[in-house]
Amino acid sequence: PYAEDPGSVPEPPTCAGVQVGVERAARGFSRRAWSAFPGLLSRYSTNVNIIFVPPGQTEEQATAPLRALYGWSLEDAQRNAIVGTPQQVAERLHALTEAGITYVITYFPRVAYDHTPLHRFAEEVAPLLR
């Protein structure tokens, strides 16, 4: 979605982390309701922003362009995205599956301008998820 004011920056999609995602899935459901819909959580999905930390960079350096664009602090970036090496990203995604998530929609900030994160995910993260 685009902001009303053409000079403003739209809000980016946010990351539903493991705890937040499970809480959203469970919100408002009693035990009785859950028993009436077995497997509901196992069909739950979420979306995540992924920011890779290249070798030789810190999380602060890797997130700097996105933080500047959205006015985020480092903590905001860490809360709204999975930030890390391919191994760390795979571990976080694996944690989502252990929480009951069955599919994840991934976002790579600014991928339209730089396909490197998409290729890195395909080559270095996807094989770790099999």
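Right, let's walk through the structure included here. Keep in mind it's a predicted model, so treat the numbers as computed, not measured.

**Remarks on the nonpolar core**
And step 1. Counting twelve residues, the largest nonpolar core is built from Val48, Ile50, Phe52, Ile82, Val89, Ala90, Leu93, Leu96, Ile101, Phe108, Phe121 and Val125.
And step 2. Sorting the residues of this core by element identifies β1 (44–52), α5 (86–98) and α6 (116–125) as the ones contributing at least two each.
And step 3. Sort the elements by how many residues they give to this core and α5 lands first, with four residues.
And step 4. Judged by nonpolar contacts, the second largest core, of eight residues, contains Ile51, Val53, Ala77 and Ala81.

**So, the pattern of salt bridges**
Between side chains of opposite charge, pairing is possible as soon as their charged atoms come close.
And step 1. In this structure the tally under the stated criterion is two salt bridges.
And step 2. Here Asp76 and Arg79 are joined by a salt bridge, their closest N and O atoms 2.3 Å apart. One end of the pair, Asp76, and the other, Arg79, are both in helix α4 (residues 74–80), three residues apart, so they sit about a helical turn from each other.
And step 3. The residue Arg120 makes a salt bridge to Glu124 at a minimum N-O spacing of 3.5 Å. A residue pair is termed a helical-turn pair when its members lie 3 or 4 positions apart in one helix, as Arg120 and Glu124 do in helix α6 at four residues.
And step 4. Glu124 gets classed as partly exposed once you look at its relative accessible area, which sits at 37%.

**Considering the sheet that holds strand β2 (residues 82–84)**
And step 1. Reading across the sheet, the three strands line up as β2-β1-β3 and stay open at both edges, with parallel pairing between neighbours. At either end of the open sheet lies a strand with only one pairing partner, and these are β2 and β3 (101–107). Adjacent strand axes in the sheet meet at a mean angle of 35°, parallel and antiparallel pairs treated alike.
And step 2. Across three bridges, the pairing between β1 and β2 is parallel. Counterpart to Phe52 in the pairing with β2 is Gly84.
And step 3. Most of the contacts of helix α3 (residues 59–70) go to β1, to which it runs at about 105°, and overall it touches β1 and β2.

**Overview of the packing of α5 against α6**
And step 1. For the pair α5 and α6, the least separation of the axes is 10 Å and the interaxial angle reads 75°. One finds that α5 runs roughly perpendicular with respect to α6. Residues Pro86, Val89, Ala90 and Leu93 of α5 touch α6, and the partners they reach there are Arg120, Phe121, Glu124 and Val125.
And step 2. Tallied by class, the residues present in the contact of α5 with α6 amount to six nonpolar, no polar and two charged.

**Observations concerning the pairing of β1**
And step 1. Where β1 and β3 come together, six bridges link them in parallel fashion. Note on β3: the bridge partner recorded for Tyr44 is Ile101.

Conventions used here
- Residues numbered from 1 in each chain as written.
- Predicted model: local features only at pLDDT ≥ 70, side-chain atom pairs only at ≥ 80, totals over all residues.
- Heavy atoms only, no water.
- Core = buried A, V, L, I, M, F, W, Y, C linked by side-chain atoms within 4.5 Å.
- Buried < 20%, exposed > 50% of the residue type's maximum accessible area, 1.4 Å probe, protein only.
- Helix = DSSP H or I, 4+ residues; strand = E, 2+ residues; numbered from the N terminus.
- Salt bridge = Lys/Arg side-chain N within 4 Å of Asp/Glu carboxyl O.
- Pairing = 2+ DSSP bridges.
- Axes fitted to C-alpha atoms, helices over the stretch in contact; angles between N-to-C directions.
- Contact = heavy atoms within 4.5 Å.
- Parallel < 35°, antiparallel > 145°, perpendicular 65-115°, else oblique.
- Nonpolar A, V, L, I, M, F, W, Y, C, P; charged D, E, K, R; others polar.

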